[in-house]
Amino acid sequence: MAELWMNSSTFALLGDSAHNQAMVHWTGQNSSVILVLTKLFDFNLGTVTDSSLWRSLDLGRSYEKLNNRLDPGLVLSYLYVCPTNKKKILLVSDPDVDSSVVVSSDEGVSFHRQSISFLIQSLLFHPTQEDWILAYSQEHRLYFSRNFGKTWKLVHESVSSGRFYWSVTGLDEDYSLVHLEAQDPSGLLRYITCLAGSCADSRRFPFPGRVDAGSLVVQDDYVFVQVTTVGPTKYFVSYRRQPFQNIQLPKYCLPKDMHIISTDGQVLAGVQQWNENETYSLYISDRHGNYLSPALTYVRTSRSLAGVLSMDVYKVNGISGVLLANTMEGGHVRTFISFNQGQTWRLLTPPASEPHCSWASCSLHLHLRMSESPYSPDSITSSASAPGLVIATGTVGPELTNHNSRTFLSSDAGNTWTQIFDGERRVWFLDEGGALLAIPQASVPSSHLWVSIDEGRSWLQFRFSVLPLFVDGVLMEQDTHHHIITIFGHLGHHSDWQLIKVDYSSLFSKRCVSADYQPWTLLNQREPCVMGRRQTFRKRRPGSRCMLGVHELKLLSSESCTCTPYDFECEYGYERQADGRCSPAFWYRAPGTTNCTSGQPTGRVVTNGCQESVSDPFSPRIHQCNSGGPSGLRLSTANNDLTARPHTNVTFLIHTHEMDPSGLDVHLDFGDGVCVSLPVPSHTHTYTHSHAHTYTHSHAHTYTHSGIYRVSAHVRNNLGTATTHLFLHVICPVEQVILSAAPVLLLGQQTNLTARVLPAPPKTAVFYWWIDNHTEPVVTLEGWLLTSFQRVGGVHVSLQVASEGVVRQDSSTIRVTEAFRSMLVAFSPNLEDHNPAIPEWREDLARVVTATISQVIGLPPDQLLVCVLVGSPTAAEVFLLSPGDTHSSRTPASHTPTSHTHFSQLGSIDQELEKMSEVLVHALQKNWVQFLLRPEVKITAQLTHLGLASQVGSGHLPGISALLLFMCVAAVGAVTFLMGVPWLQVQSEEPQQKGADVMDAGRQSISSSNVPTQSSSPRISFNHASPRRLLPPPTLLKTAHGTTRPACGKTHHHLPNCTNV
């Protein structure tokens, strides 16, 4: 090759030798302006510490440093050029130094800096509106600017990284629509659409239910999401914004992951099947994307430095249906090619220059890597402006290797290949594909480049630099007006950036005319029909050094061919046989009881243009047949989830197979007393696939209470009926558990421990009762437990409630004694002015009253138990405990309940309790029980009622746990007493201004009828010498702040919003 000089000029960005990253952009349309941002990225700190902005006005011949036009000390991290108006530039400052954007609307002549309140992570420009930008922040918030970064408005919070998209023209009605994956107000991750300028008011949820993080893909006609629950992950697709459908995969595919490759008229997806670890299988869908069928298994994958998955699958640009893919089996990587959109595959033919390569064991294998740099080409490249031309690097042999790679070229879309370089080269298309540019890899310094204008048949070597240069990238021309490229790199690892302007217009002597072209027919191994058409393209004649025109017509003619079996893809559930016909897979059962079609169960490959023969049709033909009654009836939810939350819409889908529509009647019973008859439209929504016709009816319903509902669908026509069911769990996570237990119990006396769960749990809730020091809990499915305690002292009880994966707990300590006395005391009216009506205050008051009584009557504090009751006016229950068991935790094993000795001891204890009671009554009557609540605020306690008669531990004595529960557990309504104290008056509830303990009669109470008791136990009798008191039913109190607490001072968490009322 003769060495020639290319018209070039070099400019060094002096002073930026330490900068290790650069961004180079053309600006304007047919403009001569180039912008370069160089920066020093500190990999240890993970941030940019220095930057420089350069600008050229003469196509890269010279550059001016613009740092002095910007604010001093400003460090820039990114440079963006508006794709719809390249005169507009936006620069982002490094967030560790400053949070601002710098904008220019005149190609860098002037700049305006705008401080912002968030840290930009990425930007997304609108495809048609030049001033509209979406900005994603490091705080996972999405912002919108309608004036090219001057002002910003919050769109949504908690948005998934990289999962936000602008509207698609022709599909979304409003071009300000934004698709995003974000958390909804309840905290669930959802697919959300809204208008960028008013997201809160226009928010919609196209997919009913939550989605997996990072699963939303909005691309062309399709929207994809995935949902992982118990069992296999489910994948959903929406075609042209229609309702989402569950993507159907072969029954035993059992996918572990799915990766969308392309959506050009149909979906190409990589699916990792159950038996694949490092590979994925290539699947191809129907036009709607609902059904995926396997095309090639064990396709090699790789991941970028950022962790992005990439499959070794490549679509040749400019030629429909040509695919290349690398498979990896047993550690061996081989390259296959398909000319019919994945219906059949074959190995690549090795170059004719490889005479020692036998077909059985040797073929061409290509690297199908995608470049992570916008300034370097992929390892394989093609262009729609140069149909049939494919350049790639690879090796020849039994498998692909990473050493001794060479560069190959095909001018007939991959049928035949020739070697163009002995080694790897980076190749770019120039002049709308009319010329090729080749440069060595970045690791090899070079002062030469190679150019071909005859599709790689011959190459001209040019010197573009005096000194060898490590080429970091090539900035390609934005249009063909100038025929200029910019090569940038560095002479050494610590040298300044070198920018070399190369003018390649001298390669061409004129603009091409008709005589400079020749026809070229696309073949597939000598077969002229590719994708059902005979296609003839126009290419430049070898040796014509003419310049191609912009958007020159490439396709000359396209004629339909007669269809063959491989022009059709097997429908879902069918597999390709050796003769090209499709037969059902062993697992497939065709839906429906009738077959109203003839012909093969196939569908024409998308974009295939073949013409079917009348004598041998391949596509199914629908004909008149006898329909029957409803068959294949199936009931599901729209997202195939069997759980829902109260007060949210649940969309049910009723699916039936082919049937006679005459007399059709569809009923849906939701299981909560609501049954609807669904209207039958004149054109029933039908999804047709092969010979099965599925009719789908949908209806949304809202449940107000949690529970398990039996949902039934009934379908009837003139020929029969069908019924199906599903069981829907309407759940609300347990937020609060309240254990109700008496503070004092007699030894051996049975008592009911009761639980209140908010919100009301479903029937699947499990209650774990941990009693005292037992190592195993008592497990029940009901919120009560009938038990007794066989030792004296403090007994600790903990209750755990488990429901829908959530566990909540509450605890209580019960004093067990052989005998006690109790009495009710009231307080002077001035106490009401200082009662905030919160449990903590009642606990502190009980402690003060206990200490005061102990000091006045000389009784040890551990023989007293004071419980301040909920309600107004303030009252307290005072328990006098048996002196012999206050410090012990003993069992009555040494005592026989019927023995004379035991009764003697009980009688002695009863006498001592009677004496203590008389002393306390006397002290209360004399107003000796006084304490200072605050300076100059003296409170006096006075006897209201003596309470119960003497209570001692006997198997025949009445149980008192239920009564004590009434006295000291939260209740709806205030405690009402008949008493003789002049200042004690009855109120139904505490005033609301006191804050916490406002009654909530609307909430369901734990009715005593729901708690089993022993019928043999007599009712508790009152001391007839004292006035009787009326006790409220056992229930809960709701504070003014929505916090539910028992009356004796327990503190609990805030009630959930979804509590049933």
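The shown structure was predicted, so the numbers you read here are calculated from the model rather than taken from an experiment.

Visitor: Describe in detail the overall build of the protein, supporting the description with residues and values.
Guide: Counting its secondary structure elements, the protein contains 4 helices and 81 strands. In the protein, buried positions account for 55% of the 1061 residues. Contacts spanning at least 24 positions in sequence make up 56% of the contacts within the protein whose residues lie at least 6 apart.

Visitor: So what about the sheet that holds strand β20 (residues 234-239)? Which residues, and what values?
Guide: Strands pair in a sheet through their backbones, by hydrogen bonds, and they do so in one of two ways: parallel or antiparallel. Taken together, 4 strands build an open sheet; the order of strands is β18-β19-β20-β21 and the sheet is antiparallel. Either end of the sheet is taken by a strand with one partner, and the two such strands are β18 (217-219) and β21 (245-246). Judged from the 6 bridges that link them, strand β19 (residues 222-227) and β20 form a sheet pairing that is antiparallel. Bridged to Gln226 within β20 is Tyr235.

Visitor: Run through the packing of aromatic side chains, naming residues and quoting values.
Guide: Taken as a whole and assessed by the stated rule, the structure comprises 34 aromatic pairs. Above the plane of the ring of Tyr78 lies Lys39, whose end atom (NZ or CZ) is 4.5 Å from the centre. Over the face of the ring belonging to Tyr517 we find Arg538, whose NZ or CZ atom lies 4.1 Å from the ring centre.

Visitor: Residues and numbers for helix α2 (residues 839-857), please.
Guide: Here α2 spans 27 Å end to end across 19 residues, near enough to the 27 Å set by a 1.5 Å rise per residue. The first or second residue beyond α2 is Gly858, which carries a positive phi of 75°.

Visitor: Break down the state of the cysteines for me, with residues and values.
Guide: Here is the idea: a disulfide is a covalent bond, and it sits between the sulfur atoms of two cysteines. Taken as a whole, this structure holds 5 disulfides when the rule is applied. What pairs with Cys529 in a disulfide is Cys561, and their sulfur atoms sit 1.9 Å apart. Note on the Cys529 and Cys561 pair: the S-S dihedral is about -95°, so by sign convention the disulfide is left-handed. Placement of Cys529 in strand β45 (residues 529-530) and of Cys561 in the loop between β48 (555-560) and β49 (568-570) is noted, with a sequence separation of 32 residues between them.

Visitor: Can you explain a nonpolar patch on the surface? Please cite residues and give values.
Guide: Taken together, the side chains of Trp5, Val466, Leu467 and Leu491 make up a nonpolar region of the molecular surface, amounting to roughly 440 Å² of accessible area. Examined against the element boundaries, Val466 turns out to sit in the loop between β39 (460-463) and β40 (470-475).

Visitor: Would you mind going over the pairing of strand β57 (residues 649-656) in detail, with residue names and values included?
Guide: Across a regular strand the side chains alternate sides, sitting on one face of the sheet and then on the other. The element β57 is largely enclosed, with a buried count of 6 among its 8 residues. In the sheet, strand β55 (residues 634-637) pairs with β57 via 4 bridges, with the strands oriented antiparallel. Its bridge partner being in β57, Leu635 is matched across the sheet by Ile654.

What counts and what doesn't
- Per chain, residue numbering runs from 1 following the sequence as it is written.
- Totals for whole chains, interfaces and linings use all residues, but because this is a predicted model, local features are given only for residues with pLDDT of at least 70 and pairs of side-chain atoms are given and counted only at 80 or more.
- As a rule here, side-chain values cover all heavy atoms of the structure and leave hydrogens and water aside.
- Numbering of helices and strands runs from the N terminus; a helix is a DSSP stretch of H or I covering at least four residues, while a strand is a stretch of E covering at least two.
- Residue exposure (1.4 Å probe, protein chains only): buried if accessible area is under 20% of the type maximum, exposed if over 50%, otherwise partly exposed.
- Every residue pair with non-hydrogen atoms within 4.5 Å of one another is taken to be in contact.
- Two strands are counted as paired when DSSP detects at least two bridges linking them.
- Each pair of aromatic rings taken from Phe, Tyr and Trp, with Trp reduced to its six-membered ring, is defined by centres within 6.5 Å and is described as stacked if the planes are under 30 degrees apart, edge-to-face if over 60, and tilted in the remaining cases.
- Here, over-ring charges are defined by two tests on the NZ atom of lysine or the CZ atom of arginine: distance to the ring centre within 6 Å, and angle to the ring normal within 35 degrees.
- One less than the number of residues in a helix, times 1.5 Å, gives the span that helix is expected to have.
- Criterion for a disulfide: a pair of cysteine sulfur atoms at a distance within 2.5 Å.
- Excluding any residue in a salt bridge, patches collect residues exceeding 30% relative accessible area, merging like charges within 9 Å and nonpolar Val, Leu, Ile, Met, Phe, Trp and Tyr side chains within 5 Å.
- The protein chains shown are the only cover counted for residues, whose accessible areas, like all others here, come from Shrake-Rupley with a 1.4 Å probe.
- Between Lys or Arg on one side and Asp or Glu on the other, a salt bridge is scored when a side-chain nitrogen of the former is within 4 Å of a carboxyl oxygen of the latter.

That's the geometry; what it means functionally is another story.
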